[in-house]
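Examining the three-dimensional arrangement
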Amino acid sequence: MEEVLFFVSAIGALGGAIGVVAMRNPFYSVLALIVHLFSLAALFLLLASAFVAAAQVVVYAGAVMVLYVFVVAYVGGGGESAWEPIPGQRLLAPALAIALFVELSIAILSSALLALGTEGPEVGPGFGNPEAIGKLLLEKFLIPFEASSILLLLAAIGAIVLAGRKREETA
Amino acid sequence: MTATSWAWLVLLFPLLGSIVIGLGFKVLPAKVAGAIGTLSIGLAFACGIGALLCLLGEDPEARHHASSLWDYASVAGLDIKLGVYVDPLSVFMVLVVTGVSTLIHLYSYGYMQSDKGYHRFFSYLNFFVFSMLLLVLAGNFVLLIVGWAFVGFASYALISFWYRRETATRAGMKAFVINVVGDVGLTLAAFLIFRELGTFDYGPAFEKAPEVFTTNEWTITAICLLLLVGAFAKSAQLPFHTWLPDAMEGPTPVSSLIHAATMVTAGVYLIARTHVFFELAPTAADISAFVGLATLLIAGTIALVMTDLKRAIAYSTMSQIGYMIMGVSIGAYSAGLFHLMTHAFFKALLFMAAGSIIAGMANNQNIDKMSGFGKAMRFTSIAFLCGALALAAFPGTSGFFSKDEILAYAEARGGMYVIFTVLGYVGALITAVYTFRLVFRVLPGVPCKEAQELIDSGHVAHEEPRNPATGELEDTDVGFPGATHHVAEGSWPMKAAMGVLSVLALIGGLIQIPGVDDVLSKWLDPVFENSPLAAIHPSLSTDWIGLGIGGALSILGIWLAHFLYVQQPTTPAYLIEKLRPLYTLFVNKWYFDELIDLLIVRPALAIGRFANRVFERVVVDGLVTGTEGTVRSAGGVVRAVQNGFVRSYALLLVAGFAGLALYFLISSS
Amino acid sequence: MINALLWAPLAFGIVGLFLPKRASGWWATLGALVTLVIAVGMVFDFDTGSSGLQHSVDVAWISGLGVDYSLGIDGLNLFLIVLTAVLWVGGTAFAAFREWERPQLFFFLMLLAETATLGSFLAQDLLLFVLFFDLMLVPFYFLFGAWGSDREGGPSAAAATLKMMIYTLIGSLLMLVGAIAAAIISADGGHLTFSIAAIQQQGLDVDSQRWIFWFFAAAFLVKMPAFLLHGWMPDAYRAAPLPVLVVFSGVLAKVGAYGFLRIVLPLFPDATIEFQEVILVIALASILYGSVMAFTQTNVRLIAGYSSVAQLGFITAGVFALRADGADGAILQMVNHGLVVAPIFVIVAILVERTGTEDIREMGGMALRAPVLAVLFLVVALATLAMPGSANFIGEFYILNGLFQEKIVFACIAISGVAMSAYYALRLYQHAMHNRKPDGIATREIGLRDAVVLAPLVLCILALALYPQLILHRTAPTVQQTVAGVTNGDAPEAELASGPTGRNQAYISRNRPIDP
Amino acid sequence: MNIEWYIVLSSLLFATGAIGILIRRSPMVILLCLELMLNAGNLALVAFSRMVGNQQGQVFAIVVMVVAACEVVIGLGLIVAIFRRKLPLNVDDLRELRG
Amino acid sequence: MNFNEPTLDYAGLSPVIALTVGLCVVLLSAVFKPVRRSAPGLTLLVLATAAGLLIWQWGDPKDLVSGALRIDDLSVAISLIAILTAGFCVLLSIREPATEQAGLGEYHALLLGSVLGMVLLAEAQNLVTFFVAIETLSIPLYILCATNLRREGSLESGLKYLIVGSLGSATLLYGMAFLYGGTASTDFAGIATGIAHKGMLDDPLILVGIAMCAVGLAFKTSIAPFHQWTPDVYEGAPTPITSFMAVATKAAAFAVFVRFFDVALGPQVDEWQPALAVLAAVSIVVGNVGALGQDSLKRLLGYSGIAQAGYMLGGIVVASESGVSALVFYLAAYAFMNLAAFAVIIARERETPFGDDIRAMRGLGAERPLLAWPLTISMLALAGLPATAGFIGKLYLIEALVESDYTWLGVFIAIGTMISLGYYLRVVATMWMRPEGGPATTPAIAGASPEADPIDPEAGKRLYLVGPALLAAAATVFFGVIPQPLVEFAERAGSSLF
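Okay, so let's go over this structure. What you see is a predicted model, and the numbers here were worked out from it, not measured in a lab. (Residues numbered from 1 in each chain as written. Chains lettered and ligands numbered in written order. Predicted model: local features only at pLDDT ≥ 70, side-chain atom pairs only at ≥ 80, totals over all residues. Heavy atoms only, no water.)

**With respect to the packing of aromatic side chains**
Enumeration over the complete set of coordinates arrives at 94 aromatic pairs over all chains. With 5.1 Å between their ring centres and 75 degrees between their planes, C:F121 and C:Y258 make a pair best called edge-to-face. With C:F121 in helix α4 (residues 103-122) and C:Y258 in helix α10 (residues 242-267), the pair connects residues that are 137 residues apart, well separated along the chain. For the pair C:F121 and C:Y258, one class covers both residues: buried. Residues E:F261 and E:W272 carry aromatic rings whose centres are separated by 5.0 Å and whose planes lie at 85 degrees to one another, so their mutual orientation is edge-to-face. With a gap of 11 residues between them, E:F261 in helix α11 (residues 239-264) and E:W272 in helix α12 (residues 269-291) connect regions that are remote in the sequence. Pair check on accessibility: E:F261 and E:W272 agree, each one buried. Through pairs of rings, three or more aromatic residues link up here, namely C:F129, C:F133, C:F213, C:W214, C:F216, C:F220, C:F260, C:F268, C:F275 and C:F320. Over the ring of B:F161 we find B:R120, and its NZ or CZ is 4.2 Å from the ring centre. A cation sits over an aromatic face here: C:K223 above C:F133, 4.3 Å from the ring centre. (Phe/Tyr/Trp six-rings, centres within 6.5 Å; stacked < 30°, edge-to-face > 60°. Helix = DSSP H or I, 4+ residues; strand = E, 2+ residues; numbered from the N terminus. Buried < 20%, exposed > 50% of the residue type's maximum accessible area, 1.4 Å probe, protein only. Lys NZ or Arg CZ within 6 Å of the ring centre and 35° of its normal.)

See the structure below:
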């Protein structure tokens, strides 16, 4: 059962990813990413990370993707030409990506870390639930937590600065 | 006053004279400057006499003294003091130098009167005398080199005295450079002496030498050969002689003083001074003797065909110095030095007279154009004749005694050395011929244009002065040869100098008549007391037989000259036609200049050109431009990679990452 | 007092920045004069017999890095300091008589250069030396580049000086690495210090010596400049303003040669012995190549420049004869060469002003109207060619004697440079002063202003000619010690254990008895 | 399922994201590909978190989501700004700066 | 459930808090019209307060908030450098067109946000903090780069920086994930013990993780071959931001670089040392040759920054106390040298129509000596000539390298420096010497183009530009002549890790 779920989700995630890369129209890419994100959330659930999965769906697939859709709609999602202006890019890019994957896989598969070959230790039901995560966020990771909030604030300012109508221009 | 104090005074006066005249060139009236110059040398001569008397008052064995003023450069085991060495040899040299110099100064006083560089001339001349005295009085090899080089410099300055004449400056340069080659030889010799003997001082060096060296050991031979380089360069021996004829570009008193009487004899002095070394290195001594012999013959042959009056006398000088070098090299020290002295008298005289005539010829030195000066300049021609007789070794004159003494010694030394006697006599014959060739071409006959003018009006009306060598107009800014220059026999100082020298040339030999007085060899005996070679004396009979042969050859030579140039004036042309190759060889001075040009000057210039055009551009700059080019092209690559495409940047980032990961993966296994 | 000596020029220079244009030149000259007075005071105060450092100052500067502010005077640098002070007085005064753009800055840089130069002579700390060594370049970079002249058809002044900077810094940056390596290796984990004396005492292993030796040698050889590394010289010399060239050519090259004596010999004795012949070959090549180039050039600056290459070749050869006499001669010759080449450039400046050309073929016939100039020039030219009787002769005599006793073949080749120097020095003199006067050349006599600069320098040459012992005497003890440090095997233990090399053995037996 | 599977999957996603950045020219798609890469990281973090049995990785993943969101916001803001300046929305055409 | 409230050491956190509060205050000032123009002043005040608080914490090392942060002399030193730079940036931003377009308050708030990220980064000793901090640092910079919206280059630089920066961040994150997986810890110390105790020293997982982290950090510090964003972004960004980025980002990134590699990855020093050394060497070469022949001064300084980063990486390579000290010293010196240069570039940018082109510097020595001197000193210092802090910095670095037997890298620094003379001195020559080519011509686009910023012919005399330039130049010389105070400062910082 778990295997089936994994493969289904994995194929969804990978297919979504490939869709993102392959779709001519940015709008379809966004849709592919949403597929990808949902599949990923399923994988998180398989890994006993309920809170992360939930956040993934709510924050990402919900909020961020909506933003994307709006922007794509605003600027218009014309497709891009197939012409490649950078010599060698078309050949090197896949080659490097494959090399990257191979290297990472070698690193993972040849690692002496025994736990990699297991499904992970038995964990209690509380593992990965909002309470546990919240506790960690407020105890050990208080600073990153606070910093993230500042980061969001800064991003908001940034969005205004970059995309907002300028006072000078309106005045 | 000790002998050394006199010696210091001898050095002091000319130096002072030079400085005073030099500094006062704007203040001092010309006559005063000339007087100061002449007087200071005269005083030096007087001091030389003082030293002579001092030494005479001493035991012959004790007649050598060293004295030093201050440490010149004495550290690290090199003990170089500012010191003099006084012994009969140096006193003899001092007297010859100052004596002849005084007269030549006197001559110059008149001769240079109309020259705009009068002060400069006397300053140089005094400096030259100072240098020459330093050379002969120096107490160690370093100071010897200093004097040696000073002489060379003074010679340079005086040769290129008329410095707007390109021929003169070039001749000066040539003389200087060749002299420097000589200095280099001497310096290397000094190094080798120091290495083997640990000292530069004469006294200790000569004392130690016989203990340290075995006869003909390579070191001592090398030392002697290096000394010979110095000696040959200065004394214009083969193959370093080419500067001397060119040096005739200088004013005539200069030729008279430097290039006849004093400087060129320095080599003779040097060999005599270091005879200890040469006796330890007989091979080197023999080489030296042969070079002397070769020089005397070759120079004699060239003198036979020279048409330039001064250059002919210059070649004669070379030839005569060949005798001296030969003499001192085979061991005839006092004979060689005796010839040095007599030669100084008659050759200085010949030059003075020649100078007088040339002045009368409006600076034309070509004997083909001269004739009849016997009438036009009676006093001068008598002086010229006296000098010529002495040079030709006419019986009874000074040259007669001194030359034969050398040849007699060689005969007495026996063995191989007889060659020197035989060929020496051949040289003597040639000498007589070329000497009287000059006499017969210049003095008798129908007066030429200039001579006639002299007879008529008492002086020569000059045209625009031209360089006798190239014929180009002179730049008269510098003075002589200026338009107002007509000094032929013009003043009493010239006459006085020539007069005294004429007398000396005629009777100077009397102080050393074999078996009669031997003043000179007795005086010099202490210097050579330990020398086995000096102990050889030709027997009285050998001496007189030699004198007889010499006298006969001299008269034969004069007759031959008379026959060729007076009785049968067409013969020379006939001979030239018959012996064309030989004549060409002689006229071209045996092609020595060309040889040196080919072997040294051209290669040096070629190397210089190569260095300048090829090496500097290609290698040295190439080093720079090559490196710079590499760096710049690397920069080009970096900037080409920076193509502005953000995806390209990402690609490189990923590639870098892949590479780094690969490295780590490899290093993990 | 040593502090005053070092910093006086800079202090004057800084004040001068704020003075009116007209006064700045004279103020700078005054500064240089004050420095000279202090330097001469040092000579009087010098303990002649001692070989150690005198007047030394030693305080921690950057204690964290082991760098000390350590200065001192001994036989090696005493007269180089005086030379520096003398030439700077000459150079600044000569410049003060002329008009410059932005004179305050010009003279500030001149005096900054003096401080830096004095600093590199005085420094007894390896790093301080490197620092001053590099610092010297900075003011000259500006002086050459901003006040220099562009060459038609050649590189601009800026480009020429850039080349110079890069060339010289190549060496000195490597030297920086070498200096640090020397200090760290010799400290061997202990207290890190750059003090030359301390490093010398600790010693370095032979392998380290080998490569560090070359790092230092590179710096010094470029600075001199030696054969093959002289590529910067022609362009820079042509670009430089002449009063600056007076001090530059007079002093800076010597820092390189001095560096060999001060640093390389004491710190890397084994490498010195090992590479002696290599350096000698370079020195010989410099002598021959410099001479050959000097007599083929027609530009007056380059004749002087290439002759310096040759002269520095002699000096290097003297140092690397590794004998006391050679090194004594080298120091004497450094001073002499400085005293000679500086007036040459003064004269060149005068000639260029009169004739408007730097080509000797277009000069001539000056001597008649300018006899005093001619005489001064003659003295200088004769000293340049090491006329016996000049101090230069004694310098070369000592150098060559040292070389001769050690490496006879090298000496014989080197001495040919003497003969060549006669040719190019006289050629320069004759072309300028003698022969016919080309049209359009002003043959004025030397002016009083220039004479004030030139005459004292020539007097120095003459004075030294009469009494070179003045310098030799004071340098000898230190030199003796320095050279003995190399040849006597003050090297690390390992070297001694294997016994001195054959060459060394020969040296010892010839020079000093071996203690039983 | 063994954790290895998850990690290998994540690396595959990572590589896919990378290739997208390298070959796509629309800035919007590139931003999406960046999201892919960050998500790959998140998957790895969560998988490792499961493997080692502590939740720090999950917290990390949440923080990463925030960061990713911020980057998207900025990216989109820039895209809007570029659009307003009437510049082409193609990263290849933005190459005034180079060399 | 029991909640273990983390102990909050407010003293230690005070600088961070001050910056956060300040950020909000500055942001709010934009809302209220009467105080709208006071944002620069407020920012300076905030920075001064933070600096004061940091100095207060000097010499009092402690872990904060469950080991998420560590305030020690290293972090204080780096934070101070960042804050100093930010202060300069505020001054240089006065009258900068970009501030008007972004809004004064927003602009300065973003700046403070970035500084906050830097302070956090310097103090971070936990992977999560590290990641958040690096993003807090970067995201405001992405925005700030693009704030001169009128100029295409500004937008382009913002986008390029964002894309490549995020790629770097993603890589960094992935590497962190691997490290976390291999050691089960996100704390630096935990990672170190994890590596050492679980026999992971040469495990491929960990090593590839290290590689990825190295890529991420190398990206931030502009180490070749991860450097390519640098010249473009430096050139395109508003110049005050460039100056801030060039110095402060580098400082903060190096701080975490050294802490991460020397503390967390300390056990594996033998593995990463050679790799980083090679990266350093490559950077030195690429940066120096790339800068040759650049006409844009900002671009030139970008490439020079790549080379300088290569030098500084040497301080990390050696993994020793003196290496860290050398790094800190060099960073401080680098701050002064760069700031002096940028201040002058900004002044000329506003004064002439040439922008940051090297032609803008022609004849500066004669016209504006007060500008020419700082730039000259800066260039000479960057080139490592003596009597400047740059020389001592190089000395320090080379000493550290030689001590750890990395002499060859020292030689590389020397060689790089030689090449660098080719472009630093070109700038100097342009100011003081005759121009190489013909007379300066006005660029075609200037004036007419809507992109061009207004020209202020008096900019070269404004105190807020000349002052910082002179100050930084004076500091460069001062610390070149009397380096001892700065050396002690650096030594204290260096000793906090070992």
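**Things to note about the interface of chain D and chain A**
Listed as interface residues are 68 residues of chain D and, on the opposing side, 85 residues of chain A. With both chains or domains summed, chain D and chain A bury close to 7000 Å², and 75% of this area falls on carbon and sulfur atoms. For the interface between chain D and chain A, the tally reads zero salt bridges. Linking chain D with chain A are 11 residue pairs in polar contact (both at pLDDT 80 or more). Contributing elements (two or more residues each) for the side of chain D that touches chain A: α1 (3-23), α2 (27-52) and α3 (56-84) of chain D. With 23 residues, the top contributor of residues to the side of chain D that touches chain A is α3(D). (Contact = heavy atoms within 4.5 Å. Buried area = accessible area lost by both parts, 1.4 Å probe. Salt bridge = Lys/Arg side-chain N within 4 Å of Asp/Glu carboxyl O. Polar contact = N/O pair within 3.5 Å; in protein donor to acceptor, adjacent residues only side chain to side chain.)

**Comments concerning empty space enclosed by the protein**
Under the counting rule described, the total for this entry stands at 11 cavities of 30 Å³ or more. The calculated volume of the largest cavity comes to roughly 150 Å³. Mapped by element, the contributors of at least two residues to the lining of the largest cavity are α6 (166-197) of chain B together with α15 (391-406) and α16 (408-433) of chain C. Element by element, the count of residues in the lining of the largest cavity is highest for α6(B), at five residues. The volume enclosed by the second largest cavity comes to roughly 70 Å³. Every residue along the wall of the second largest cavity is listed here: C:L137, C:T168, C:K223, C:M224, C:P225, C:W232, C:Y237, C:F248, C:S249, C:L252 and C:A253. When residues of the lining of the second largest cavity are assigned to their parent elements, the largest contribution, four residues, is made by α10(C). Looking at the lining of the second largest cavity residue by residue, the class counts come to eight nonpolar, two polar and one charged. (1 Å grid on protein atoms, 1.4 Å probe; cavity = no way out; pocket = protein on both sides within 12 Å on 5 of 7 lines; lining within 4 Å. Points joined across faces, edges and corners; volume = space filled by probe spheres on them. Nonpolar A, V, L, I, M, F, W, Y, C, P; charged D, E, K, R; others polar.)

**Let's talk about the environment of C:F320**
Residues and elements named next belong to chain C. Locating F320 in the fold gives a position in the loop between α12 (300-319) and α13 (324-355). In the structure, F320 is positioned 47 residues away from I273 in sequence and 8.6 Å away in space, judged by C-alpha atoms. Those residues in contact with F320 that sit more than four places away from it in its chain are F213, F260, V264, L265, T272, Q276, I279 and L280.

**Remarks on the nonpolar core**
One broad rule of soluble globular proteins: the nonpolar side chains tend to lie buried together. Counting 799 residues, the largest nonpolar core has B:F277, B:F373 and E:F130 as the members making the most contacts within it. Sequence-distant contacts of B:F277, defined by excluding residues within four places in its chain, comprise B:F141, B:I193, B:L197, B:A205, B:F206, B:A209, B:I220, B:I223, B:C224 and B:L227. Listed in part, the six residues of the second largest apolar core include E:F88, E:L339, E:A340 and E:I377. (Core = buried A, V, L, I, M, F, W, Y, C linked by side-chain atoms within 4.5 Å.)

**Here's the deal with the packing of helix α2 (residues 26-46) of chain A against α1(D)**
When two helices pack together, their arrangement is given by the angle between the helix axes and the distance between those axes. Packing of α2(A) against α1(D) leaves a shortest axis separation of 13 Å and a crossing angle of 160 degrees. With respect to α1(D), the element α2(A) is oriented roughly antiparallel. Between α2(A) and α1(D) the crossing geometry is left-handed. Between α2(A) and α1(D), the residues in contact are A:H36, A:L40, A:L43 and A:L46 and D:Y6, D:L9 and D:L13, respectively. (Axes fitted to C-alpha atoms, helices over the stretch in contact; angles between N-to-C directions. Parallel < 35°, antiparallel > 145°, perpendicular 65-115°, else oblique. Left-handed = near helix turned anticlockwise from the far one by under 90°.)

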